[in-house]
Amino acid sequence: MAQFHQFCTFFLDHFFLGLEVENVQEVIRYQSITRVPLAPPAVRGLINLRSQIVPAVDLRQFLELDQNVTKIPVETELDEDSEHLPLNVVVRTADEVISLLVDDVGEVLEISDNCFEKSPETLTGNARQLIRGAYKLTDQLLLILDTDKVVELTIFKPTLRN
């Protein structure tokens with residue numbers, strides 16, 4: 001018997017990505033980021049989430065996507081044009097909370113595991129390591145991000161090895 005899973009979906013460049021709903025704490029609009037000296041390039045800085053300090057992770061950097069599409073301001077560079085600013089998908093694991101910077105947020109989808117397949121062979125580089133599989137939907141492919149691996153790489157091993 002097929003099981004169903006719920007995913008919080010979001011968009012990043014040409015990717016349609018999903019995270020298990022139980023790992024998503026909340027989705028919030030862009031927050032001012034405080035840069036952290038010597039932080040790995042994918043860690044854009046820290047945000048203050050109701051007095052909780054949370055690392056803000058640039059998924060574009062991890063997935064090796066075009067960095068010029070969305071400008072991520074830090075500290076004093078924040079202006080009022082919030083239409084083009086990334087959103088924060090705040091993700092929680094057993095030990096950590098991080099914010100993933102994404103282009104846009106989609107719906108919560110409930111999908112049967114009958115539609116699940118291995119990661120597409122066309123994925124390369126870091127995306128191949130961070131995507132744990134895909135769901136074939138009627139009109140698109142939903143790539144499932146490995147939350148634990150993203151958190152692990154952000155906090156413990158900031159650079160991926162090919």
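The structure reproduced in this document is the subject of the present report. (Residues numbered from 1 in each chain as written. Predicted model: local features only at pLDDT ≥ 70, side-chain atom pairs only at ≥ 80, totals over all residues. Heavy atoms only, no water.)

Strand order in the open sheet made by the five strands is 3-6-7-5-4, with mixed pairing throughout. Edge positions in the open sheet fall to strand 3 (24-28) and strand 4 (43-49), since each of these has one partner strand only. Each adjacent strand pair in this sheet contributes to an overall mean axis angle of 30°, direction not counted. By the bridge criterion, six bridges tie strand 4 to strand 5 (residues 52-58) in an arrangement that is antiparallel. Residue pairing in the sheet places Gly-45 in a bridge with Ala-56 of strand 5. (Pairing = 2+ DSSP bridges. Helix = DSSP H or I, 4+ residues; strand = E, 2+ residues; numbered from the N terminus. Axes fitted to C-alpha atoms, helices over the stretch in contact; angles between N-to-C directions.)

This brings us to the pattern of salt bridges. Within this structure, the stated rule accounts for six salt bridges. Arg-44 serves as the salt-bridge partner of Asp-58, at 3.6 Å between the closest nitrogen and oxygen. Taken together, the residues Asp-58 in strand 5 and Arg-44 in strand 4 connect sequence positions 14 residues apart. Here Asp-58 falls in the buried class, since its relative accessible area comes to 1%. Salt-bridge contacts for Glu-121 lead to Arg-128; the nearest nitrogen and oxygen are separated by 3.6 Å. Residue classification places Glu-121 among the exposed residues on the basis of a relative accessible area of 66%. For Arg-128, a relative accessible area of 32% corresponds to the partly exposed category. (Salt bridge = Lys/Arg side-chain N within 4 Å of Asp/Glu carboxyl O. Buried < 20%, exposed > 50% of the residue type's maximum accessible area, 1.4 Å probe, protein only.)

Turning to the pairing of strand 2 (residues 15-20), a few remarks are in order. Counting buried residues along strand 2, six of its six residues qualify, which places the element largely inside the surrounding structure. A two-sided burial pattern is seen for strand 2, the buried positions comprising Phe-15, Leu-17 and Leu-19 on one face and Phe-16, Gly-18 and Glu-20 on the other. Looking at chain direction, strand 1 (residues 4-12) and strand 2 are connected through six bridges and run antiparallel. If you follow Phe-7 over to strand 2, its bridge partner there is Glu-20.

Time to look at a nonpolar patch on the surface. Together, Val-36, Leu-46 and Ile-53 make up an exposed nonpolar region whose accessible area comes to about 220 Å². Tracing the sequence through the fold places Val-36 in the loop between strand 3 and strand 4. The exposure class of Val-36 is partly exposed, given its relative accessible area of 30%. (Patch = residues over 30% accessible without salt bridge, like charges linked within 9 Å, V, L, I, M, F, W, Y side chains within 5 Å. Areas by Shrake-Rupley, 256 points an atom, 1.4 Å probe, with all protein chains shown as cover.)

A separate point is the side chain of Asn-88. Looking at the secondary structure, you find Asn-88 in strand 6 (residues 87-92). Given a relative accessible area of 0%, Asn-88 falls into the buried group. Here the side chain of Asn-88 touches Arg-29 through a polar contact of 3.0 Å, landing on its backbone oxygen. There is a polar contact of 2.6 Å between the side chain of Asn-88 and the side chain of Ser-99. If near-sequence neighbours (up to four positions away) are discounted, Asn-88 is found in contact with Glu-26, Val-27, Ile-28, Arg-29, Tyr-30, Gln-31, Ile-47, Ser-99, Leu-100 and Leu-101. (Polar contact = N/O pair within 3.5 Å; in protein donor to acceptor, adjacent residues only side chain to side chain. Contact = heavy atoms within 4.5 Å.)

It is worth spelling out the pairing of strand 6 at this point. Two strands pair when backbone bridges link them, and strand 3 and strand 6 are joined in this way by four bridges, in the antiparallel orientation. Bridge pairing in strand 6 places Ile-28 opposite Asn-88. Here strand 6 pairs with strand 7 (residues 97-102) via six bridges, running antiparallel. Looking at strand 7, one finds that Arg-92 is bridged to Val-97. The hairpin turn running from strand 6 into strand 7, its antiparallel successor, is four residues long.

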